[in-house]
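Descriptive structure summary
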Amino acid sequence: MCSHTQPARQTELRLLRRSRERDHLMPADGVMEGGREERISADFTLHPVCSSAPTLSVPGEPVKKDENSRRGNWGNQIEFVLTSVGYAVGLGNVWRFPYLCYRNGGGAFMLPYFIMLVFCGIPLFFLELSFGQFASLGCLGVWKISPMFKGVGYGMMVVSTYIGIYYNVVICIAFYYFFMSMTNLLPWTYCNNPWNTADCSGVVGSGHQLNASLANATTSLVAGVSEVVNRTKRTSPSEEYWKHYVLNISDDIGNFGEVRLPILGCLAVSWCVVFLCLIKGVKSSGKVVYFTATFPYVVLTILFIRGITLDGAINGIKYYLTPQWQKVLDAKVWGDAASQIFYSLGCAWGGLITMASYNKFHNNCFRDSIIISITNCATSVYAGFVIFSILGFMAHHLNVPVSEVADHGPGLAFVAYPEALTLLPISPLWSLLFFFMLILLGLGTQFCLLETLVTAVVDEIGTDWIIRHKTIVTLTVAIAGFLLGVPLTTQAGIYWLLLMDNYAASFSLVIISCIMCICIMYIYGHRNYFKDVEMMLGFPPPLFFKVCWRFISPVIISFILIFTVIQYKPITYNDYVYPGWSLAIGFAMALSSVICIPIYALYKISRSPGATFRERLKNACRSHPKWGPALQEHRTGRYAPMASEDTVEARPLKEKEELKEELKEEEKEKERKDEISLTIQGSNGSTNTHNNPNPSA
């Protein structure tokens, strides 16, 4: 078998190189050719019975594991699913969904939430996964489907950049709290610290009872009726620890003050962790997610079991789930449900396209999209039980309504929940678990954000050098992200963090997603895309998804946009009202991603061939010749290469046969001139292995 298989591969390799020499083609002229030569070279691994050279493969084991040897693939499908779950399941599932749920009707909120999941969340998720997987390219490269809309890809990169900058600052604060929890007594337990004020009133006293100051600072209950007496607003030790010690917050967004060195150090730690986990791209991050994507569920379960055993936990869960059916008729509830589904799944960030681009071509991304979307939403509901069981216990301990201790956003993660943890026995242990869970949830999203940017850069440049040195690109992006995050570690950092969170990734994501749907369904053509998906998966998209992609999802996205505009309120932080100039910066950040779309469209139209504007517009919208599956073996049907294409794969069969005949003539000529040389060559595995006197061959 060796004497026949090996020369065939040698001949194929020489045939490919010979055709390139004939047409003066460079090895990097096309990904398909280069990838094919790599595959041929990789397959040309000598078996020990064919050569005395060191072996590079084990008999019976495939030499090439990656389908796309030039770009790489996930090690297995579990890595992709776990990475996507880690990307979709983030901090918002813990600190935003439970708050939205009880604010919008408790259990009644679940109805619009799951309706939006079915008609908007899962279809958009499937659309982005199939889009990236079909082309095996990141959020920039996929726009070969319609080059005029490449600005959408740039907009996704801008959004991912903003989110990546401030998201890692949140992770670094979680790191800080995690390190501060490594003590016998949590530092935000009592009011006897240098940073506390006279208004501080702790919940932990002698024997874990309310102290006297708390009785004067909280709601008193008379005859079962809650009545708020004249009192000053209670300031908890955890809130003062957060504001006066961790942040040392300034009085204005323009007053940066000093850099908080402990936070800066934790930011460096956070970026180092992200870089080390991505040092080999999806090959390294795919292994890390086995831990980062699964362990948060272990922590959630531990906290849930502990929470439901506490006094008052049932009241908290009832408050979280009790249906208020009259609110189902409120448009705001449906708007919140649609927005939460849209933002929670990470649509239009570019991460879903990027992660799917490393899948094998025939992977069932339809199944994956359903699994990941449902897992994400189920995690949100589950986290609500964990959060409100603890908050119910805290409300019971303080003898106040649950609404007075419930919060969302950073206020829940770094004020309300840490305070509740001080009431638990062995509180440092529960604090360590909680903040470790926040770190892992944040890292799962941050991995994909960074990989989105790196993949977009590498795919866009596309040279062999940049592919081999992808680690350098990753390091460069990580260093840039760290430096851009330094201002967020100053005393005014929390103001800027919330400004970016509210504006950088708000209505701009909705616009980007809507334009993406319109481009694929109506510019490229829904029939073309349905055929692409069928060619990739082996079956067409279900009718339900066809209808959603064309009509329902764009309508819901438009509804989200209108809802966002109508419900807009200027951002505030506690009692601080943001000045007008800072809001202008916020809108500028939001528009900076959207403005990429018309700017690039005008640029592409101006550079496209055509005598009139209409001709240029038509050419700018037409798919690029290289649009389609990345690997040659997958380019079948309408993507099959034509005889006129200038690649060796597309050459007519007759020309290939002529090249083979020329090679055979050359071999015969060499055989006649130097028979001894051929004999030596045969001992190394050439076509004349029958002349080899070595009996081991």
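In this report, we go over the structure that sits alongside the text. Sequence order as written defines the numbering, with residues in each chain counted from 1. Side-chain atom pairs in this predicted model are given and counted only at pLDDT of 80 or more, local residue features only at pLDDT of at least 70, and totals for whole chains, interfaces and linings cover all residues. Hydrogen atoms and water are omitted, and side-chain values are computed over all heavy atoms in the structure.

**Thoughts on empty space enclosed by the protein**
Points on a 1 Å grid, built from protein atoms alone, make a cavity when a 1.4 Å probe fits but cannot get out and make a pocket when they are open with protein on both sides within 12 Å along at least 5 of 7 lines; residues with an atom within 4 Å of a point are the lining residues. Grid points are joined across faces, edges and corners, and a volume is the space filled by probe spheres set on the points. The tally for this structure, following the rule as stated, stands at four cavities of 30 Å³ or more. Taken as a whole, the largest cavity holds about 80 Å³ of empty space. Leu-247, Leu-488, Thr-489, Thr-490 and Ile-494 are, among the 13 residues lining the largest cavity, the residues nearest its centre. Strands here are runs of E lasting at least two residues and helices are runs of H or I lasting at least four, both read from the DSSP assignment and numbered beginning at the N terminus. Counting residues per element, the ones that place at least two in the lining of the largest cavity are α7 (150-180) and α21 (493-503). Broken down by element, the lining of the largest cavity gets its largest block of residues, three residues, from α21. Here the residues of the lining of the largest cavity sort into eight nonpolar, four polar and one charged. For the second largest cavity, the calculated volume is near 50 Å³. Lining the second largest cavity we find Val-85, Gly-86, Val-89, Thr-292, Ala-293, Pro-296, Tyr-297, Leu-440 and Leu-441. Those elements that provide at least two residues to the lining of the second largest cavity are α3 (77-88), α12 (295-308) and α18 (427-461). All amino acids are sorted into three groups, where Ala, Val, Leu, Ile, Met, Phe, Trp, Tyr, Cys and Pro are nonpolar, Asp, Glu, Lys and Arg are charged, and the leftover types, Gly among them, are polar. The class makeup of the residues in the lining of the second largest cavity is seven nonpolar, two polar and no charged.

**Section: the environment of Val-94**
Relative to the assigned elements, Val-94 resides in helix α4 (residues 91-95). Measuring from C-alpha to C-alpha, the distance between Val-94 and Ser-380 comes to 6.5 Å, with 286 residues separating the pair along the chain. It only takes one pair of heavy atoms within 4.5 Å for two residues to be counted as in contact. Once you skip the residues sitting within four places of it in the chain, Val-94 turns out to touch Ala-383, Ile-387, Leu-412, Met-437, Leu-438 and Leu-441.

**Things to note about the pattern of salt bridges**
By convention in these notes, a salt bridge is any Lys or Arg side-chain nitrogen within 4 Å of a carboxyl oxygen on Asp or Glu. Inspection of every chain in the model, using the stated rule, returns eleven salt bridges. Salt-bridge contacts for Arg-367 lead to Asp-368; the nearest nitrogen and oxygen are separated by 3.3 Å. Residue exposure (1.4 Å probe, protein chains only): buried if accessible area is under 20% of the type maximum, exposed if over 50%, otherwise partly exposed. In this structure Asp-368 comes out as buried when scored by relative accessible area, which is 1%. Across the salt bridge formed by Lys-470 and Glu-451, the nearest N and O atoms sit 2.9 Å from each other. With a gap of 19 residues between them, Lys-470 in helix α20 (residues 470-485) and Glu-451 in helix α18 connect regions that are remote in the sequence. Among the residues examined, Lys-470 registers a relative accessible area of 16% and is labelled buried. On the basis of relative accessible area, Glu-451 is assigned to the buried category, the value being 2%. Connected via shared salt-bridge partners are Arg-103, Lys-332 and Asp-336.

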